[in-house]
Amino acid sequence: METSIPLSRPDISEEDIAAVNDVLRSNTLSLGPTGPLFEQEIAAFCGRKYAVAVNSGTSALHLGIRALGIKKGDEIITTPFSFVASVNCFVYEGAVPRFVDILESTYCIDPEAVERAITPKTKAILAVDVFGYMADWPALEAIAKKHNLLLIEDSCEALGSTMNGKHAGAFGEFGAFAFYPNKQMTTGEGGVLVTDRKDIADLAKSMRNQGRSITSSWLSHERLGYNFRLSDMQSALGRSQLKRLPAFIEARRRRAEWYNRDLESLGKDVITPSVQEGVSVSWFVYVVRLAHKFTAKDRDAILRFLREKGIGCNNYFPCLHLQPVYADLGYTLGSFPVSESVSDRTISLPFHNTLTEKEISRVCGTLADAIHSLSVP
Ligand SMILES: *Cc1c(COP(=O)(O)O)cnc(C)c1O
């Protein structure tokens, strides 16, 4: 059997390892000099004034939600086609998801659907930059302004993407990045909240560190806080990876192009990613969509076929309104036709910085075999 091709793989260099080792030898493993440097560099990278490094992307979103004062009973408009953390982050605070559908072209929130879902209880719009694509920020900004709503950017999948020159993470009251090993860059686990608002940054800094005051003594706790700190070892890996990020983004862009080229031979059966005008995508994953004639069952058969041939793949994303955890919200199959139809037919293919051209043609060839093995006319 041929060697297997993983769905994702982190890209760790000797330089990255040396950077972590330097911290290990320093005796200051957690709150040391490296974290603040990492924060400054991330803020500068995405064009924000402040960055607060935390232990996950989920924590970054959660602290931002708390810093905005979102509370029990507030409604937040967001989409069901996402990773569960983009909803969990405010459900923790008792806020209620009001799901709306996505646009098939970008997999991101449909601004017209947002406007229809606003009620007197609506507090915020939380839009996700899905797979590295960008939500329609100009439209969302106009709606948020008109209805006096907070705007939040889950940019966890889009570090390095830009829209009309403005970086993902730079829209809304705050943005959030995540550094799990399958993201564009990694710290093992980790995340960062980015914002231009000093009040949000200060509250997030206090809450990530047991509610300590950010200026006074270690044993003064001013508010309910958490231990959401990012260690200096992780920050060192983050700084080293961030230096390499432009090369990562370029490597991923080339691989997305190789995929697009190799998949052309599959014609209309496989819809390759389309990128909006004015957007430069930093590719998180490479996701294709099967044509409408295919069902979720066909898609699952294709996933099995690929896995049997040693090719990592997954169905990004199952819809959140159909997940057991959110069953009690009252949504059903049919509530969000675009999200459901997309979710039934998407396939995430192997994607990482060091994937070779040959491996990509093997993936595409196997995908073609998988499709031909189905009896879909
Ligand atoms: C990765 C991700 C997060 C955060 O994930 P963590 O594992 O907590 O770092 C949040 N939202 C989306 C859309 C993501 O893809």
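Everything discussed here concerns the structure shown above.
Treat the numbers as computed from the prediction; the structure is a model and nothing was measured.

Enquirer: A description of the packing of helix α8 (residues 232-263) against helix α11 (residues 357-373) should follow, citing residues and the corresponding values.
Expert: Closest axis-to-axis distance for the α8/α11 pair is 10 Å, and the angle between their directions is 40 degrees. Looking at the two axes, α8 sits oblique to α11. α8 and α11 meet at a crossing whose hand is right-handed. Each of R255, W258, Y259, R261, D262 and L263 in α8 lies in contact with α11, whose residues at this interface are E357, I360, S361, V363, C364 and L367. Classifying every residue of the contact of α8 with α11 gives seven nonpolar, one polar and four charged.

Enquirer: Requested: an account of the environment of S217, with residues and values cited.
Expert: As for its placement among the helices and strands, S217 is situated in the loop between α7 (198-208) and α8. We classify S217 as partly exposed; its relative accessible area is 44%. Between the alpha carbons of S217 and L322 there is a distance of 47 Å; along the sequence they are 105 residues apart.

Enquirer: I'd love a proper account of the nonpolar core, names of residues and values included.
Expert: Within the largest apolar cluster, 101 residues are counted, with the highest numbers of intra-cluster contacts made by F131, Y259, I347 and L367. Element by element, the count of residues in this core is highest for α11, at seven residues. In contact with F131, not counting residues within four places along its chain, are F81, Y107, E157, S282, W283, F284, V285, V287, Y316 and F317. Counting residues in hydrophobic clusters, the runner-up holds 17 residues, among them A51, L159, M185 and V194.

Enquirer: Tell me what's going on with helix α2 (residues 34-46), and back it up with residues and numbers.
Expert: The end-to-end C-alpha distance of α2, which contains 13 residues, comes to 19 Å, matching closely the 18 Å that a straight helix rising 1.5 Å per residue would cover. Those residues of α2 not exposed but buried are T34, G35, F38, E39, I42, A43 and C46. Seen along its axis, α2 keeps its buried residues to an arc of 165 degrees; they face one direction. Looking at α2, the residues exposed on the side facing more than 90 degrees away from the buried face are Q40 and A44. Backbone geometry just after α2 places G47 at a positive phi near 80 degrees.

Rules and cut-offs
- Residues numbered from 1 in each chain as written.
- Predicted model: local features only at pLDDT ≥ 70, side-chain atom pairs only at ≥ 80, totals over all residues.
- Heavy atoms only, no water.
- Axes fitted to C-alpha atoms, helices over the stretch in contact; angles between N-to-C directions.
- Helix = DSSP H or I, 4+ residues; strand = E, 2+ residues; numbered from the N terminus.
- Parallel < 35°, antiparallel > 145°, perpendicular 65-115°, else oblique.
- Left-handed = near helix turned anticlockwise from the far one by under 90°.
- Contact = heavy atoms within 4.5 Å.
- Nonpolar A, V, L, I, M, F, W, Y, C, P; charged D, E, K, R; others polar.
- Buried < 20%, exposed > 50% of the residue type's maximum accessible area, 1.4 Å probe, protein only.
- Core = buried A, V, L, I, M, F, W, Y, C linked by side-chain atoms within 4.5 Å.
- Expected span 1.5 Å × (residues − 1).
- Arc of directions from axis to C-beta.

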